[in-house]
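# Structural features, examined
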Amino acid sequence: MTSVADIVARARERPRNLSVDDLARLVALEDPDEQRVARAAAYALKCRVAGKLVSVRGLVELGNICSKDCLYCGIRRSNANLARYRLSVDDVLRMAEIDAAAGYASIVLQGGEVESEANTAFIEECLRGMAHLDLGVTLSLGEQTEAVYRRWKAAGASRYLLRIETSSPGLYARLHPADHSWTRRADCLAALRRCGYQVGTGVMSALPGQTPEDLARDIVFFGDRDVDMIGMGPYIPHPDTPLASVPNPWTDADRLRIGLNMIAATRLYLHDVNIASTTALQALAPDGREQGILAGANVMMPNVTDVAYRRQYQLYAGKPCLDENADQCRTALERSLAAIGERINYGARGDSAHFHARIAAGGLAGSGRM
Ligand code: 5AD
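Summary of the structure given here. Since we're looking at a predicted model, the values are computed, not measured.

### Concerning the overall build of the protein
Helix and strand content of the protein: 15 helices and 11 strands. Across its three principal axes, the protein shows a C-alpha extent of roughly 55 × 45 × 40 Å. Counting all 370 residues of the protein, 58% fall into the buried class. For the protein, contacts bridging at least 24 residues in sequence account for 74% of all contacts bridging at least 6.

Below, the structure is given as structure tokens:
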């Protein structure tokens, strides 16, 4: 078997210098010493690209009304054990002010998937209302038409996150009802790219039936689509969903290990993309997000949604930080990052280095291989 030291040495030479077999080996690492070698190399690359700084975006959970029925997700439309809410424009603008006052300089507006003129206009109003705050704005609002993506871009959004969830159409079909289409999701990523967004995607790891090769091909998919940002995390069963009753071999320790291995492997393969250390990691270990940074991630998305709404936006069981307000979250984050020798990149939007390299290389924002 190829040694991890050899894989890491090749990875350092240039981006995309690993095979599916190499990536599958990194993703499946169990030996603590081998994990250390892979994560240390990924962290060194992160420091080369982003310094010892973490870019922070406040996360606003706009609403949990969702037309999708994903078999794993706590806010799926069939889950009746949930009061549905949607924030008002005023709520959102208040949270954006909190985010700007905290110095994060970027914000993520995330919510259940709704395709309607009313929702499109609501998002436009939020975007126009926060323009004076000069934040980098990421949207994470699911599949929409290209025309809607264009309207939101024109209203001030600059980044869009749309997880493909898995690059395997076969596995995707087992995780979603028949009317959910992998192809449409992939087409949406192409549309976002044409609209000039910094495009982010990602997957869940440790899904039932998923193999290390599936995850390795996910990472190759990120490269083939030439995406700028990655947000991924381990699958965590939610008791009110159908997938929770499907037998699952993974313990929480496995989920954390695989999630961290995915971050390290993705950094080693892609070098200059933004990679988020997601809250799913924090749900599995109190210092899960810090471990994510040390495995090569460079972005965090602390929740700035009012505490009153957070319980209603539980995608998985054990969501952390349900009762801490934005200020408490920020103080805790500063302290935990200081403990690993990292600082919040205050006042900087923290754009994806890959995006700027892509544009500088002559690619119009709308061109590319998608
Ligand atoms: N465990 C982990 N992540 C989940 N998501 C949804 N449900 C779960 C779960 N049970 C993720 C999906 C989605 C994102 C918003 O949350 O990847 O794209």
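### Considering helix 9 (residues 212-224)
In this model, helix 9 (13 residues) spans 18 Å end to end at C-alpha, consistent with the 18 Å of a helix rising 1.5 Å per residue. Among all positions of helix 9, only D214, L215, A216, D218, I219, V220, F221, F222 and G223 are buried. A positive backbone phi angle near 55 degrees is found at D226, which sits one or two residues after helix 9.

### Here we look at the nonpolar core
With 107 residues, the main nonpolar core has L109, L139 and Y197 as its most contacted residues. Among the elements that line this core, the one with the most residues is helix 10 (residues 252-270), at 10 residues. Membership of the second largest hydrophobic core comes to 5 residues, among which are L59, A276, V299 and M301.

### Points about the environment of G112
By the secondary structure assignment, G112 is in the loop between strand 3 (106-111) and helix 5 (117-129). Using a relative accessible area of 11% as the deciding quantity, one classes G112 as buried. Considering only alpha carbons, one finds G112 and L284, 172 residues apart in sequence, at a separation of 23 Å. With near-sequence residues (within four places) excluded, G112 lies in contact with G63, I65, C66, I75 and Y313.

### Section: helix 5
If you check helix 5, its first and last C-alpha atoms are 18 Å apart, about what 13 residues at 1.5 Å a residue would give, namely 18 Å. Those residues of helix 5 that sit buried are N119, T120, F122, I123, E124, C126 and L127. Contacts from the buried residues of helix 5 go to strand 2 (58-63), helix 4 (89-101), strand 3, strand 4 (136-140) and helix 6 (146-154).

### Some words on the pairing of strand 8 (residues 229-234)
Counting buried residues in strand 8 gives 6 out of 6 residues, a clear majority hidden from the surface. In terms of strand pairing, strand 6 (residues 198-201) meets strand 8 through 2 bridges, oriented parallel. What sits directly across from G200, in strand 8, is M229. For strand 7 (residues 204-205) and strand 8, the ladder comprises 2 bridges, and the chain directions are parallel. Note on strand 8: the bridge partner recorded for M204 is G233. Following the backbone out of strand 7, through helix 9 and into the adjacent parallel strand 8, one traces a crossover that is right-handed. One ladder, built from 4 bridges, connects strand 8 with strand 9 (residues 274-277); its direction is parallel. Considered in strand 9, the bridge of G231 is made with A276.

### Quick look at the site of the ligand
Around the ligand, the surrounding shell consists of Y72, C73, R163, E165, M204, P234, Y235, I236, L315 and Y316. E165 is positioned with one of its side-chain polar atoms (N or O) 2.5 Å from an oxygen atom of the ligand. Contact between the ligand and L315: a nitrogen atom at 3.4 Å from a main-chain N or O atom of the residue. Protein contact buries 88% of the 400 Å² of open area that the ligand shows by itself. Among the residues forming the shell around the ligand, the class breakdown is 8 nonpolar, no polar and 2 charged.

Analysis parameters
- Residue numbers run consecutively from 1 along every chain, following the written order of its sequence.
- It should be noted that, the model being predicted, local features are given only for residues of pLDDT at least 70 and side-chain atom pairs only at 80 or more, the latter also being counted only at that level, while totals for whole chains, interfaces and linings use all residues.
- The side-chain numbers reported here are obtained from all heavy atoms of the structure, hydrogens and water having been left aside.
- In DSSP terms, a helix is any run of H or I states spanning at least four residues, a strand is any run of E spanning at least two, and both are numbered starting from the N terminus.
- For every residue, the accessible area obtained with a 1.4 Å probe (protein chains only) is divided by the maximum for its type, and the residue is called buried under 20%, exposed over 50%, and partly exposed between those limits.
- Here, two residues are considered to be in contact whenever any of their heavy atoms come within 4.5 Å of each other.
- A helix's residues, less one, multiplied by 1.5 Å, set its expected span.
- Only buried Ala, Val, Leu, Ile, Met, Phe, Trp, Tyr and Cys residues count toward a nonpolar core, and they belong to the same one when joined by side-chain atoms within 4.5 Å.
- Here the rule is simple: two strands pair whenever DSSP picks up at least two bridges between them.
- Call a crossover right-handed when, viewed with both strands pointing away from you, the route from the first strand across the helix to the second goes clockwise.
- Whether a residue is near a molecule or strand is decided by its heavy atoms; if any one of them lies within 4 Å of it, the residue is near.
- In protein, a polar contact means a hydrogen-donor-capable atom and an acceptor-capable atom, both N or O and within 3.5 Å, with residues adjacent in sequence counting only if both atoms are side-chain atoms; elsewhere, any N or O pair within 3.5 Å suffices.
- Note that accessible areas follow from Shrake-Rupley with a 1.4 Å probe, and for residues the cover is restricted to the protein chains shown.
- Gly counts as polar in this scheme, as do all residues outside two lists: the nonpolar Ala, Val, Leu, Ile, Met, Phe, Trp, Tyr, Cys and Pro, and the charged Asp, Glu, Lys and Arg.

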